[in-house]
Amino acid sequence: MALRHEPTARQLRLAVELRRLRDAAGLTAKEAAALLGVSPVQISHIESALAGVSEKRLRRLAAHYACTDEGLVGALVTMATERTRGWWEEYRGSLPTPFLDLAELEHHATYLREVALLYVPGLLQTEDYARAVYSYRVPELPAEEIELRVRHRAERRVILEGAAVPYEAVIHEAALRIRVGDRAASQAQLSQILELSHADQATVRIIPFDLDGFAGATSTMKYAGGLVPKLDTVVRDGPNGTSFVDSEAQLAAFRTLFRKVEAVSLDPARSRDFIHGLTKEL
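As the structure is a prediction and not an experimental result, all values here were calculated from the model.

### Quick look at the environment of Leu-100
You can see Leu-100 is positioned in helix α6 (residues 97-108). Among the residues examined, Leu-100 registers a relative accessible area of 1% and is labelled buried. C-alpha of Leu-100 to C-alpha of Ala-9: the two residues are 91 residues apart in sequence and 9.0 Å apart in space. Excluding anything up to four places from it in sequence, Leu-100 contacts Trp-88, Tyr-91, Arg-92, Leu-95 and His-152.

Right, dumping it as structure tokens:
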């Protein structure tokens, strides 16, 4: 079987988890290969996501690694055997890989939580808002690429439709007041947030400026729940691009951070009233 040239973030996560299980068992790649009756190169390819792994081999590896967490093993099997070719694949080769990885992560998430301080979360953005954000990029993007990114961002909202993924967003007042476009675009954006906040699976909470003691200025994040907590992922945007965080210690820290931010935000009803008030000010 040909090796992968560009593994997805989901494939890389599976590879990382298999490597972690082997390390926890205190086995070398050579020893793991001997247990399976394959070459060490094959183990290396599996643990670098250059090659897939069958359910049979994955379960054998888990047994050799003395992994007794059946929930985790079952989730890893699902990751290894699922062959979903999602809508995001039409953008492969046209948009940077992190765009596709994010859409895939959201598609497979069991729940999503976001904290947004300066920008409206991507899943809630109108096309005009997203277009204004992408148009401000330096170096500037060609018009056709901006439209491609705007369309991709709009399609991600499919997870908010129907009986989709439970979604909770905590948004700072600053993100609602900053006009990335004109007044009309800002009004439309606030209206869209209100509309989406009424969806059964969506919750929107606001952090007002006049809140005392809010020191969570670095709290921006997207938290995606996995099939088991060990497979949760945090997405963070930084100067060097998008990063996917998955170590247990960091995940625990981000869970705590989200709880802190959520605890000081307005409840959903008061948040909707707050947004209604902002629309009247525009």
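### Side note on the environment of Leu-14
Mapped onto the elements of the fold, Leu-14 is located in helix α1 (residues 9-25). Residue Leu-14 is classed as buried on the basis of its relative accessible area of 9%. Considering only alpha carbons, one finds Leu-14 and Ser-48, 34 residues apart in sequence, at a separation of 9.3 Å.

### Some words on empty space enclosed by the protein
The gaps left among the atoms become clear once a water-sized probe is rolled over them. Summed over all chains, the structure comprises 1 cavity of 30 Å³ or more. Lining the largest cavity are Val-120, Tyr-129, Ala-175, Leu-176, Ile-178, Val-180, Gly-181, Ala-185, Ser-186, Gln-189 and Leu-190. Those elements giving two or more residues to the lining of the largest cavity turn out to be α9 (173-177) and α10 (183-197). Counting residues per element, the lining of the largest cavity draws most heavily on α10, which supplies 4 residues. Class assignment of the residues belonging to the lining of the largest cavity gives a composition of 8 nonpolar, 3 polar and no charged.

### Points about the pattern of salt bridges
If you walk through the whole model with that rule in mind, you get 26 salt bridges. A salt bridge links Asp-246 to Arg-20; the shortest N-O distance between them is 2.8 Å. Here Asp-246, found in the loop between β6 (241-245) and α11 (248-264), pairs with Arg-20, found in helix α1; they are 226 residues apart in sequence, far enough to count as distant. On the basis of relative accessibility, which here comes to 31%, the residue Arg-20 falls in the partly exposed class. Lys-230 is paired through a salt bridge with Asp-69; the nearest N and O atoms lie 3.9 Å apart. Taken together, the residues span a long stretch of sequence, with Lys-230 in the loop between β4 (221-224) and β5 (233-238) and Asp-69 in the loop between α4 (55-64) and α5 (70-81) at a distance of 161 residues. Ionic contacts of the salt-bridge type, sharing partners, join the residues Arg-13, Glu-17, Arg-20 and Asp-246 into one network.

Rules and cut-offs
Residues numbered from 1 in each chain as written. Predicted model: local features only at pLDDT ≥ 70, side-chain atom pairs only at ≥ 80, totals over all residues. Heavy atoms only, no water. Helix = DSSP H or I, 4+ residues; strand = E, 2+ residues; numbered from the N terminus. Buried < 20%, exposed > 50% of the residue type's maximum accessible area, 1.4 Å probe, protein only. Contact = heavy atoms within 4.5 Å. 1 Å grid on protein atoms, 1.4 Å probe; cavity = no way out; pocket = protein on both sides within 12 Å on 5 of 7 lines; lining within 4 Å. Points joined across faces, edges and corners; volume = space filled by probe spheres on them. Nonpolar A, V, L, I, M, F, W, Y, C, P; charged D, E, K, R; others polar. Salt bridge = Lys/Arg side-chain N within 4 Å of Asp/Glu carboxyl O.

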